[in-house]
Amino acid sequence: MAARRDFLGAALAGGAALASPTLARAAGRLAGRTPSRLADARIDVLLDEPVGTIAPEIYGHFVEHLGGVVYDGVWVGERSSVPNIGGVRRALVEALRPIRPPVVRWPGGCFADSYDWRDGVGPRAQRPRRTNFWADARELRDAGVVPQRFDPNEFGTQEFMRFCRLVGAQPYLAANVRSGDARSFDAWVEFCNSPAGSTTLADLRAAGGDAEPYGVRYWGIGNESWGCGGNFTPEEYAEEYRRFVAWVPELGVDLRYIGAGPSSGDVEWTRRFFEAMDERRDLGHVWGWALHHYSGPPGGDAIRFEAPDWYGLLARADEMESLITRHWQVMGQRDRPHRVKLVVDEWGAWYAMTTNVNPVHLFGEQSTIRDAVLAGLTLDTFNRHADKVAMAAVAQLVNCIQSLFLADGPRFVLLPVYHVFAMYAAHQGAQALRTVVTSPECRWTTARNEPATMRGLNGSASLQGRTLTLTVTNPDLTAERETEIAVRGGTVRSVRATTLTARDVHDHNTFEAPHEVEPRSSDLPMSGAPPTYRFPAASVTKLELALG
Ligand code: AHR
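This structure is a prediction, so every number in the text was calculated from the model and none was measured.

Engineer: Help me out: how do you make sense of the overall build of the protein in this one?
Structural biologist: Looking only at helices and strands, the protein has 13 helices and 25 strands in total. The C-alpha radius of gyration of the protein comes to 23 Å, within 12% of the 24 Å expected for a compact globule of 548 residues. Summarising its shape, the C-alpha atoms of the protein cover approximately 70 × 50 × 45 Å along the three principal directions. Out of the 548 residues belonging to the protein, those deemed buried represent 60%. Across the protein, contacts joining residues at least 24 apart in sequence account for 79% of those joining residues at least 6 apart.

So, in structure tokens, the structure goes:
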């Protein structure tokens, strides 16, 4: 265990309580520029303590037929005046390629358990229009919006596969367990994976332009089966699950089934599902166990917030670590070798519908540096648990919840969360290393006037060749952190820093002003051994350290 420092006066050095709105605004403007007071922290990266390979799939995305995600966000149609590649928004494809999206989950979400995949194949003009699962969402009714009541099915399996090919991602499809059946699931697998010319469904696929099979590996068996996915008990769901995955045609593909896991801390859902599966000796049919965790609750505003909202949301997001370890421990009671991995296929911050660029874009919220810090601390948590988390998907890619982009007709903008994914792409496939962060806590006063704390600096490190990537979030609204960085077992030759912060924590990128929150990079002069780095308040940082 690396030596840790004592932090005299750490209690004082934590972020100031910002109950007053005026103070909070002032702190926001000053974030990143206020000279540190008693800031003092240390990061030890232990080169000789590898945790595991960071699955690239941890950096996955989620696309649901919900509001403006698919229609307008991803799909504009071939005849649109919006630049497109075969109907897919060109700007989206071009922005995604450099961040190497490894996997995209589709078509839901809750929508998946109402979807008949057959509606979305065959000639587009002949596809049926259906009521979308989200058509009656209370938020749309409250906003007086005539919702996108019908799904035109223009974007179906083949369009989704083309989108995946365009951006270089693997598809992850969610089956309909609530209102579909195992027969239909089998047929979907066959449509996707049967060899060219082998079956009628392969011919249907070829007629749509794709003679060769897609080789889809990842299949979610329903979604939130405790709720919109069927209101099942864990035992009932286990029974459905077993029926869906038994004797599916493999067609030469290593099929990986993902069970619809818990909402946040519902360990009973995990415990009872694993027990039910184990009692039937069928855990071998589970590759991944999905966990959903949203930070909210819905109601707060994405860009108008005060210090208690800032910290409250980030503290909720930071529960991810304990959620992973608690569910992992329960899974291990029945799966001792820990063959089944966690798949965190919905995560993000969920706000009230007050910042939508288009009211039809259900949950299409804006985002700030707060969302970037949330994304960074969540991705760092996944990296630190690279031995447990095999895949994840931020909810959702565009125009919804914790998005990377907003799009509305011809307008398109990158949000702060996009920049975090770009910075963190360096971790994909690298070796996660144990990283010990010692830092004063953040302290604040809640809206109920109670004192509260959350951890301060945190991060993760990974090694690829001789390049060490260290990513760090500083959630403190006011305190910079002067930090020693000790790499045990290596010598640092040079450091390049990329920092994402904001002049005012409420700043956000808009179609009119798209560059308000963007990262900056610079090479750092090396000083001291170990080197030190000052992490700005309210920031996400990537340090690329060249090792000798
Ligand atoms: O991401 C939005 C919704 O949140 C999903 O459809 C559902 O799975 C979750 O409750």
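Engineer: Would you mind showing me how to read the site of the ligand here?
Structural biologist: Inspection of the region around the ligand gives 13 residues, with Glu64, Cys110, Glu224, Tyr294 and Glu346 positioned closest. Residue Glu346 places a side-chain N or O atom 2.7 Å away from an oxygen atom belonging to the ligand. Measuring from an oxygen atom of the ligand, one finds a side-chain N or O atom of Gln396 at 3.0 Å. Among the residues forming the shell around the ligand, the class breakdown is seven nonpolar, three polar and three charged.

Engineer: Explanation requested: the side chain of Asn223 in the structure shown.
Structural biologist: Mapped onto the elements, Asn223 comes out in the loop between strand 9 (218–221) and helix 8 (234–245). Overall, the relative accessible area of 1% leaves Asn223 in the buried class. For Asn223, the side chain forms a polar contact with the side chain of Arg105, separated by 2.8 Å. With near-sequence residues (within four places) excluded, Asn223 lies in contact with Arg105, Gly109, Cys110, Asp113, Cys228, Gly229, Ala260, His292 and Glu346.

Engineer: For this particular structure, what's the right way to read helix 9 (residues 267–279)?
Structural biologist: With 13 residues, helix 9 should cover 18 Å at 1.5 Å per step; its first-to-last C-alpha distance of 18 Å lies within 8% of that length. Taken as a whole, helix 9 has its buried residues at Val267, Trp269, Thr270, Phe273, Phe274, Ala276, Met277 and Asp278. Contacts from the buried residues of helix 9 go to helix 8, strand 11 (288–295) and helix 11 (320–334).

Engineer: Sorry, what's going on with the pairing of strand 5 (residues 103–106) here?
Structural biologist: Both faces of the sheet carry side chains from a regular strand, because those side chains alternate between them. The side-chain alternation of strand 5 yields two buried faces, one formed by Val103 and Arg105 and the other by Val104 and Trp106. The sheet contact formed by strand 5 and strand 8 (residues 170–175) spans four bridges and is parallel. The residue bridging Arg105 from the neighbouring strand is Tyr172, located in strand 8.

Engineer: Is there a simple way to think about the side chain of Thr378 in this case?
Structural biologist: Assignment of secondary structure puts Thr378 in helix 12 (residues 369–384). A relative accessible area of 2% places Thr378 in the buried class. The contacts of Thr378, once residues within four sequence positions are left out, are Ala317, Met320 and Trp347.

Engineer: Explanation requested: unusual backbone geometry in the structure shown.
Structural biologist: What you tend to see is this: most non-glycine residues have negative phi, and most peptide bonds are trans. The omega torsion of the bond from Gly108 to Gly109 falls at 10°, within 30 degrees of zero and hence cis. Positionally, Gly109 belongs in the loop between strand 5 and strand 6 (130–131). With omega at -10°, the peptide bond leading from Ala395 into Gln396 counts as cis. Considering the arrangement of structural elements, one finds Gln396 in the loop between strand 13 (389–394) and strand 14 (405–408). Even without a glycine there, the phi angle at Glu224 is positive, about 40°. Following the sequence through the fold, Glu224 ends up in the loop between strand 9 and helix 8. Positive phi, normally seen in glycine, also occurs at Asn449, with a value near 65°. Tracing the chain through its elements places Asn449 in the loop between strand 17 (442–445) and strand 18 (451–454). Judged by relative accessible area, Asn449 falls into the exposed class, the value being 61%.

Engineer: Is there a simple way to think about the pattern of salt bridges in this case?
Structural biologist: Pairing of side chains with opposite charge becomes possible as their charged atoms draw close. Summed over all chains, the structure comprises 40 salt bridges. Across the salt bridge formed by Arg272 and Glu235, the nearest N and O atoms sit 2.7 Å from each other. Of this pair, Arg272 sits in helix 9 while Glu235 sits in helix 8, placing them 37 residues apart in sequence. Here Glu319 and Arg316 are joined by a salt bridge, their closest N and O atoms 2.9 Å apart. On the basis of relative accessible area, Glu319 is assigned to the partly exposed category, the value being 32%. Looking at Arg316, the relative accessible area reads 29%, which means it is partly exposed.

Engineer: Before we go on, may I ask you to explain helix 11 in this structure?
Structural biologist: Since the α-helix advances by 3.6 residues per turn, residues separated by three or four positions end up pointing in the same direction. Its 15 residues give helix 11 an end-to-end C-alpha distance of 22 Å, which sits within 8% of 21 Å, the value for a rise of 1.5 Å per residue. When we look at burial in helix 11, the residues that qualify are Met320, Glu321, Leu323, Ile324, His327, Trp328, Val330, Met331 and Gly332. Buried residues in helix 11 make contact with helix 9, strand 11, helix 10 (307–317), strand 12 (341–349), helix 12 and strand 13.

Engineer: How do you make sense of the sheet that holds strand 22 (residues 492–500) when you look at a structure like this?
Structural biologist: Strand pairing in a sheet is mediated by backbone hydrogen bonds. Such pairs are either parallel or antiparallel. Read from one edge of the open sheet, nine strands run 23-22-25-20-19-16-1-21-24, paired in mixed fashion. Only two strands of the sheet have a single partner each, and these edge strands are strand 23 (520–524) and strand 24 (532–535). Each neighbouring strand pair of the sheet contributes to a mean axis angle of 25°, computed without reference to strand direction. Bridge count for strand 22 against strand 23 is five bridges, and the pairing is antiparallel. For Thr499, the partnering residue across the bridge sits in strand 23 and is Arg520. Strands in contact with helix 12 are strand 1 (41–53), strand 16 (431–438), strand 19 (458–464), strand 20 (467–474), strand 22 and strand 25 (539–547); relative to strand 19, the strand with the most contacts, it is inclined by about 55°.

Rules of the game
- Numbering of residues starts from 1 in each chain and follows the order in which that chain's sequence is written.
- Since the coordinates come from a predicted model, pLDDT governs what is reported: local features require at least 70, and pairs of side-chain atoms require 80 or more to be given and counted, while whole-chain, interface and lining totals use all residues.
- Excluding hydrogens and water, the side-chain values take into account all heavy atoms of the structure.
- Under the DSSP-based scheme used, a helix requires at least four consecutive residues in state H or I and a strand at least two consecutive residues in state E, with every element numbered from the N terminus.
- The globule rule is 2.2 Å times the number of residues to the power 0.38, and the radius of gyration it is compared with is taken over C-alpha atoms.
- A 1.4 Å probe rolled over the protein chains alone gives each residue an accessible area, and that area as a share of the maximum for its type sets the label: buried under 20%, exposed over 50%, partly exposed in between.
- Note on contacts: a residue pair is in contact if any heavy atoms of the two residues lie within 4.5 Å.
- Note on definitions. A residue lies near a molecule or strand when any single heavy atom of the residue is within 4 Å of it.
- Polar contact is the term for a pair of N or O atoms within 3.5 Å; when the atoms are in protein, one must be able to donate a hydrogen and the other to accept it, and sequence-neighboring residues count only if both atoms are side-chain atoms.
- Residue classes follow a fixed rule: Ala, Val, Leu, Ile, Met, Phe, Trp, Tyr, Cys and Pro count as nonpolar, while Asp, Glu, Lys and Arg count as charged, and any other residue, Gly among them, counts as polar.
- A helix is expected to reach a length of 1.5 Å times the quantity of its residues less one.
- Any two strands between which DSSP finds at least two bridges are classified as paired.
- Note on definitions: salt bridges are taken to be side-chain nitrogens of Lys or Arg within 4 Å of carboxyl oxygens of Asp or Glu.
- Angles shown run from 0 to 180 degrees and are taken between the N-to-C directions of axes, each axis being a line fitted to C-alpha atoms and, for helices, limited to the stretch in contact.

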